[in-house]
Amino acid sequence: MPTDQLTHPHPLALSRPLAASDPCQGPGAEPAAVLPSQKLVTVAIVAGPAVALAIAVPLLWGHAVNLTDILMGIALYVVTGFGLTIGFHRLFTHNSFKAGRVLKCALAVVGSMGVEGSVTSWVATHRRHHMYSDQAGDPHSPHRYGQSGLPLLRGLVFSHVGWLFVSDASSAERYAPDMLRDRDLQRIGRLFPVLAVASLAIPFVIGYALAGTLTGAITALVWAGLVRMAVLHHVTWSVNSLCHMFGRRTEETSDKSTNMWPLAIISFGESWHNVHHAHPSWARHGAEPGMIDPSALLIRAFERLGWATKVRWPVEQMAASL
């Protein structure tokens, strides 16, 4: 197998040589060169929405926000968000349940439209995070530079978005060999650039179809495309950063993962991060009373429809409460 199929830098990660003294250089850190075109893609995806909004919002404010665009943005946020939480995370990364081919491919497609990287690179990076959580080798620990003061603040910024600008590849051969063997997922992974463009093209086209004007298409692109994408990205990155610094710890783990209730609904249950790190294979992260977990509710619905099998619920009485 060619080397370029085995090492997958995060598609949003820029190339920067890691110094020998890098605090996270370790058994899981595998620097890799990234092409100039990939650098441009990273900047476009991470900074593009913010720059576009800074230009567009002042121009459109007061006369170009409508309910249709907001509802479309919410719908796309929900669909792509569940693609990431249920598909990329609970199914592909942790094998929390088994899915039929149609559901598996559908989750991989809509997860890719969340524009957080191809399914294989996402899985490899996240599995590595669990293997070295808050230790050398963790690709995005907020405790990378220190435990207090400015070093901790620097680590918080790094874990939220800075890690995307570091060349620190996670080997798919090491962390996600099962993904490399799945032909469906590899095909969908190769389509990631197309699906990323489609994620923005869909609201643009629908906006034009509904309004019949270029202005209608652009406003839909801004609110249902760029804003929706930016919010989803920052919610995901907040689990990497905030959920390793703030919140409650209900489980004993070797890392500093926490549970943050304010993010529970918009992250679809991903912010019960301490529970998740204690029991990575559970299909339900909000396993304690009062922990809202929309992703688990949808997995339960898939199970009842026969689309999901061998679901790893925490314990029978917890699953029964869904």
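Residues numbered from 1 in each chain as written. Predicted model: local features only at pLDDT ≥ 70, side-chain atom pairs only at ≥ 80, totals over all residues. Heavy atoms only, no water.

1. Quick look at the overall build of the chain
Put simply, the test is: Strands are runs of DSSP state E lasting at least two residues, helices are runs of H or I lasting at least four, and both sets are numbered from the N terminus onward. Classification of residues uses two cut-offs on accessible area relative to the type maximum, computed with a 1.4 Å probe and protein chains only: under 20% is buried, over 50% is exposed, and between them is partly exposed. Throughout, a contact is declared for two residues whenever any of their heavy atoms are within 4.5 Å. Only the protein chains shown count as cover for residues, with accessible areas throughout obtained via the Shrake-Rupley method and a probe of 1.4 Å.
Counting its regular elements, the chain contains 13 helices and four strands. When burial is assessed residue by residue, the chain has 54% of its 322 residues classed as buried. Sequence-distant contacts, at least 24 apart, represent 71% of the contacts inside the chain between residues at least 6 apart. As presented, the chain carries roughly 14,500 Å² of accessible surface, and 67% of it is formed by carbon and sulfur atoms.

2. Brief notes about the packing of helix 2 (residues 67-93) against helix 12 (residues 294-305)
This is how the line gets drawn: Only the stretch in contact is used when fitting a helix axis, every axis being a line fitted to C-alpha atoms; angles between N-to-C directions are given from 0 to 180 degrees. Any angle that falls under 35 degrees is termed roughly parallel, while one over 145 is termed roughly antiparallel, one within 65 to 115 roughly perpendicular, and all others oblique. Amino acids outside the nonpolar list (Ala, Val, Leu, Ile, Met, Phe, Trp, Tyr, Cys, Pro) and the charged list (Asp, Glu, Lys, Arg) are all regarded as polar, and Gly is one of them.
Interaxial distance between helix 2 and helix 12 falls to 10 Å at its minimum, and their mutual angle equals 75°. Taken together, helix 2 and helix 12 sit at an angle that is classed as roughly perpendicular. Along its contact with helix 2, which presents Phe82, Thr85, Ile86 and Arg90, the element helix 12 presents Pro294, Ser295, Ala296, Leu298, Ile299 and Phe302. Counted by class, the contact of helix 2 with helix 12 contains seven nonpolar, two polar and one charged residues.

3. Examining the pattern of salt bridges
To keep it simple, the criterion reads: Salt bridges are defined as contacts in which a side-chain nitrogen from Lys or Arg sits within 4 Å of a carboxyl oxygen from Asp or Glu.
Under the counting rule described, the total for this entry stands at eight salt bridges. Ionic pairing is found between Asp184 and Arg101, a salt bridge with its closest N-O pair at 2.8 Å. In this pair, Asp184 is assigned in helix 8 (residues 183-190) and Arg101 in helix 3 (residues 101-112), connecting sequence segments 83 residues apart. Overall, Asp184 belongs to the buried group, its relative accessible area being 11%. The exposed category is assigned to Arg101, whose relative accessible area is 56%. Salt bridges sharing common partners tie together Arg101, Lys104, Asp182, Asp184 and Arg187.

4. Side note on empty space enclosed by the protein
Operational definition: A pocket here means an open set of points on a 1 Å grid, computed over the protein atoms alone, that has protein on both sides within 12 Å along at least five of seven lines. A cavity is instead a set of points where a 1.4 Å probe fits but cannot get out; residues with an atom within 4 Å of a point line either one. Grid points are joined across faces, edges and corners, and a volume is the space filled by probe spheres set on the points.
Under the criterion given, the structure shown has two cavities of 30 Å³ or more. The computed volume of the largest cavity comes to approximately 320 Å³. Every residue lining the largest cavity is counted, 25 residues in all, and those nearest its centre are Glu116, Trp122, Thr236, Trp237 and Asn240. When contributions to the lining of the largest cavity are tallied by element, the ones reaching two or more residues are helix 2, helix 4 (119-131) and helix 10 (214-241).

5. Considering unusual backbone geometry
Of note in this structure, Val115 is not a glycine but carries a positive phi near 60°. Here Val115 is to be found in the loop between helix 3 and helix 4.

6. Things to note about a nonpolar patch on the surface
Stated precisely, the cut-off is as follows: The patches described consist of residues with a relative accessible area above 30% and no salt bridge, like charges being joined within 9 Å and nonpolar side chains (Val, Leu, Ile, Met, Phe, Trp, Tyr) within 5 Å.
On the surface, a cluster of nonpolar side chains totalling about 460 Å² of accessible area is made up of Val65, Leu67, Ile70, Leu71 and Ile74. On the secondary structure map, Leu67 appears in helix 2. Accessibility expressed as a relative area gives 61% for Leu67, which makes it exposed.

7. With respect to the nonpolar core
Using the following cut-off: The definition of a nonpolar core used throughout is a set of buried Ala, Val, Leu, Ile, Met, Phe, Trp, Tyr and Cys residues joined through side-chain atoms within 4.5 Å.
Ranked by internal contacts, the top residues of the largest apolar core, which has 34 residues, are Ile86, Phe92, Phe97, Val119, Met179, Ile299 and Val311. For this core, the element with the most residues is helix 2, which contributes seven residues.

8. So, the packing of aromatic side chains
Just so we agree on the cut-off: Put simply, two rings from Phe, Tyr or Trp (the six-membered ring, in Trp's case) pair if the centres are within 6.5 Å, and we call them stacked under 30 degrees between planes, edge-to-face over 60, tilted for the rest.
For the coordinates displayed, the defined rule picks out six aromatic pairs. With centroids separated by 5.8 Å and ring planes inclined at 75°, the aromatic side chains of Phe88 and Trp122 adopt a geometry described as edge-to-face. You can see Phe88 sitting in helix 2 and its partner Trp122 sitting in helix 4, a full 34 residues away along the chain. Comparing Phe88 with Trp122 shows no difference in burial state: the two are buried. On the basis of an interplanar angle of 85° and a centroid distance of 6.1 Å, the ring pair of Tyr145 and Phe158 is categorised as edge-to-face. Of this pair, Tyr145 sits in the loop between helix 4 and helix 5 (149-160) while Phe158 is found in helix 5, placing the two residues 13 residues apart along the sequence.

9. Considerations on the side chain of Arg228
To keep things clear, this is the line we draw: Polar contacts, as used here, are pairs of N or O atoms within 3.5 Å; protein pairs need one atom able to donate a hydrogen and one able to accept it. Residues neighboring in sequence count only if both atoms are side-chain atoms.
Mapped onto the fold, Arg228 is located in helix 10. Within the structure, the side chain of Arg228 is placed 2.6 Å from the backbone oxygen of Ser199, a separation counted as a polar contact. When neighbours within four sequence positions are excluded, Arg228 is seen to be in contact with Gly73, Leu76, Tyr77, Thr80, Met113, Ser199, Pro203 and Trp223.

10. With respect to the layout of surface pockets
Counted as a void, the second largest pocket has a volume near 200 Å³. Leu91, Phe92, Asn95, Phe97, Lys98, Ala99, Lys104, Asp178, Met179, Asp182 and Leu185 together form the lining of the second largest pocket. Put simply, the parts of the chain that give the lining of the second largest pocket at least two residues each are helix 2, strand 2 (98-99) and helix 7 (177-181). Classifying every residue of the lining of the second largest pocket gives six nonpolar, one polar and four charged.

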